[in-house]
Amino acid sequence: MQEIKIERTKNPKQKPTDQSKLGFGNYYTDHMFVMNYDEGEGWHNPRIVPYAPFELDPAAMCLHYGQEVFEGMKAYRTEQGGILLFRPDRNMARLNVSNERLCIPQIDEEFAIEAIKQLVLVDEDWIPTAEGTSLYIRPFIFAVDAHVGVHPAKHLIFSVILSPVGAYYPEGLNPVKIYVENNYVRAVKGGMGFTKTGGNYAASLKAQDEADKAGYTQVLWLDGVERKYIEEVGTMNVFFVIDDEVITPALQGSILSGVTRMSCIDILKSWGMKVSERRLSIQEVADAAKEGRLKEAFGSGTAAVISPIGELKWGDVVMPINNGEIGPISQKLYDNLTGIQWGKLDDPFGWTVKIK
Ligand SMILES: *Cc1c(COP(=O)(O)O)cnc(C)c1O
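Not measured: the values here are computed from a predicted model.

Engineer: Would you explain the overall build of the protein in this entry?
Structural biologist: Counting secondary structure elements, the protein contains 7 helices and 18 strands. Over its C-alpha trace the protein gives a radius of gyration of 21 Å, about what one expects of a compact globule, namely 21 Å for 356 residues. For the C-alpha atoms alone, the extent of the protein along its principal axes is close to 60 × 50 × 35 Å. Per-residue burial for the protein yields a buried fraction of 53% across its 356 residues. Taking as baseline every contact in the protein between residues at least 6 positions apart, the subset at least 24 positions apart corresponds to 70%. On the protein, roughly 16,200 Å² of surface is accessible, and the fraction owed to carbon and sulfur atoms is 49%. Within the protein, the 47 negative side-chain charges are centred at a point lying 2 Å from the centre of the 37 positive side-chain charges.

Right, here's the structure in full:
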């Protein structure tokens, strides 16, 4: 394994003092990980350096053609003062799936996890300790060739930055109102929907903005071809409980394979519940809602873990879910998953990685 050089900052920043006001993505730690790719040399020069802006040529290809990928994961501080990561192998495997689609050279997954561990340990004093807070980890790779022409890059940077983030639900899990989007689409099969790449999020901004203005928190995305089948909610995967079946859309190339999603599926199955990964049409959900068989709906993702849905609006159809309150399965999943992540509950699946 390549050795990671560490240059510590001489000017540590003031850490945010009020952990109840951290929010999400507002603060960054003292250090960052950086590594270069140059054709012929491969990935080289791994280093942890003081957090600072990159110097980029104005012709850098990432700025023009969006050849970039990223990941999102967290480090959790346990009550005993330990530090846990949650399934980092899954994030790094997914990063390479994104790399493959974007013509970005593969990274060494084990090495990337080692780099993340070392970076988190260098900045461990930044991991907040209040209930529900964590250190968000953002690995990302972008093309830096100075070349205004479309082709796969020969020069790239792999970096990791860290951000202390607040509890997503300081006042308990609050179900949100969701707008079913039938004008814009996020991704199509054959596109990049199964990868974490900036373009997917740029494509989602307009719909999100319009939903926001109409008083909705997120949009529910339908498939890009028939506009019938449910895909994701905002930047989360989505689950519906209809009768005694828990349903989440199958991964068919336009949906991101969430680590939270796969963990929810495993936990639900371990409880003996019926879980289906299949096509689910918005009509089926609307019918179930009308017949009183739609029990719960929730989004799943690293940031919020579980985000209960209290209402869906599809054209003129308004579907209140569980009286706008969080349902028992959503609550139990949230408690279980966060319990494992913060080291408060047993980890029967062996998902957490102790780095301290
Ligand atoms: C990151 C992301 C998710 C959730 O993935 P997790 O690994 O659970 O955080 C779902 N959908 C989209 C579009 C995402 O970007």
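From this point on, the discussion continues.
Engineer: Any chance you could explain the layout of surface pockets here in plain terms?
Structural biologist: Think of a ball as big as a water molecule: rolled over the atoms, this probe shows where empty space is left. Of the pockets and cavities examined, the largest pocket occupies roughly 720 Å³. Along the walls of the largest pocket sit 35 residues, with Tyr 136, Lys 196, Tyr 201, Thr 235 and Ala 303 positioned nearest its centre. Within the residue set of the lining of the largest pocket, elements represented by two or more residues are β7 (134-143), β8 (155-165), α4 (198-213), β10 (218-222), α5 (259-270) and β15 (294-301). Of the residues that constitute the lining of the largest pocket, the class distribution is 14 nonpolar, 16 polar and 5 charged. When residues of the lining of the largest pocket are assigned to domains, at least three map to each of domain 1 (5-165) and domain 2 (176-341). Volume-wise, the second largest pocket comes out at about 410 Å³. Taken together, 24 residues line the second largest pocket, and the ones lying closest to its centre are Glu 131, Gly 132, Thr 338, Trp 342 and Lys 344. Going through the elements one at a time, β5 (73-77) and α7 (328-341) are the ones with two or more residues in the lining of the second largest pocket.

Engineer: Looking at this structure, how should I read unusual backbone geometry?
Structural biologist: Generally, phi is negative for residues other than glycine and the peptide bonds are trans, each holding for most cases. Residue Asp 243 is not a glycine yet carries a positive backbone phi of 50°. Tracing the backbone shows Asp 243 in the loop between β12 (237-242) and β13 (245-249). Assessed through its relative accessible area of 35%, Asp 243 is described here as partly exposed. Within the chain, Asn 323 stands out as a residue other than glycine whose phi angle is a positive 55°. Along the chain, the position of Asn 323 falls in the loop between β17 (317-320) and α7.

Engineer: Can you help me understand the domain arrangement of the protein in this one?
Structural biologist: When the parts of a complex come together, some accessible area is lost, and that lost area is often used as the size of the interface. On domain assignment, one finds that the protein holds domain 1 (5-165) and domain 2 (176-341). Between domain 1 and domain 2, the C-alpha centre-to-centre distance is 27 Å. Contact residues are listed per partner, giving 20 residues for domain 1 and 21 residues for domain 2. Roughly 1,700 Å² of surface becomes buried between domain 1 and domain 2 when both sides are summed, with 61% attributable to carbon and sulfur atoms.

Engineer: Could you clarify how one ought to interpret the packing of helix α2 (residues 88-101) against helix α3 (residues 109-122) in this entry?
Structural biologist: The description of two helices packed together rests on the angle between their axes and the distance between the axes. Two numbers describe how α2 lies on α3: the axes approach to 9 Å, and their chain directions differ by 125°. By the criterion of interaxial angle, the relationship of α2 to α3 is oblique. The crossing of α2 and α3 is right-handed. Here Pro 88, Asp 89, Met 92, Ala 93 and Asn 96 of α2 come into contact with α3, specifically with Glu 109, Ala 112, Ile 113 and Ile 116. Looking at the contact of α2 with α3 residue by residue, the classes come out as 6 nonpolar, 1 polar and 2 charged.

Engineer: It is not clear to me how a nonpolar patch on the surface should be interpreted in this structure. Could you clarify?
Structural biologist: Where nonpolar side chains cluster on the molecular surface, the patch consists of Phe 54, Leu 56 and Leu 63 and spans about 250 Å² of accessible area. Relative to the helices and strands, Leu 56 resides in the loop between β3 (42-50) and α1 (61-65).

Engineer: I'm lost on α4 in this one. Help?
Structural biologist: Counted at 1.5 Å a residue, the expected span for α4 with its 16 residues is 22 Å, and the 23 Å between its end C-alpha atoms agrees. Asn 200, Tyr 201, Ser 204, Ala 207 and Ala 211 are the residues of α4 that are buried. Looking at the buried positions of α4, the neighbouring elements they touch are β4 (68-70), β9 (176-181) and β10. One or two residues past the end of α4 sits Gly 215, with phi positive at roughly 90°.

What counts as what
Residues numbered from 1 in each chain as written. Predicted model: local features only at pLDDT ≥ 70, side-chain atom pairs only at ≥ 80, totals over all residues. Heavy atoms only, no water. Helix = DSSP H or I, 4+ residues; strand = E, 2+ residues; numbered from the N terminus. Rg over C-alpha atoms; globule rule 2.2 N^0.38 Å. Buried < 20%, exposed > 50% of the residue type's maximum accessible area, 1.4 Å probe, protein only. Contact = heavy atoms within 4.5 Å. Areas by Shrake-Rupley, 256 points an atom, 1.4 Å probe, with all protein chains shown as cover. Lys, Arg positive; Asp, Glu negative; His and termini not counted. Charge placed at Lys NZ, Arg CZ, Asp CG, Glu CD. 1 Å grid on protein atoms, 1.4 Å probe; cavity = no way out; pocket = protein on both sides within 12 Å on 5 of 7 lines; lining within 4 Å. Points joined across faces, edges and corners; volume = space filled by probe spheres on them. Nonpolar A, V, L, I, M, F, W, Y, C, P; charged D, E, K, R; others polar. Domains from an automatic or database assignment. Buried area = accessible area lost by both parts, 1.4 Å probe. Axes fitted to C-alpha atoms, helices over the stretch in contact; angles between N-to-C directions. Parallel < 35°, antiparallel > 145°, perpendicular 65-115°, else oblique. Left-handed = near helix turned anticlockwise from the far one by under 90°. Patch = residues over 30% accessible without salt bridge, like charges linked within 9 Å, V, L, I, M, F, W, Y side chains within 5 Å. Salt bridge = Lys/Arg side-chain N within 4 Å of Asp/Glu carboxyl O. Expected span 1.5 Å × (residues − 1).

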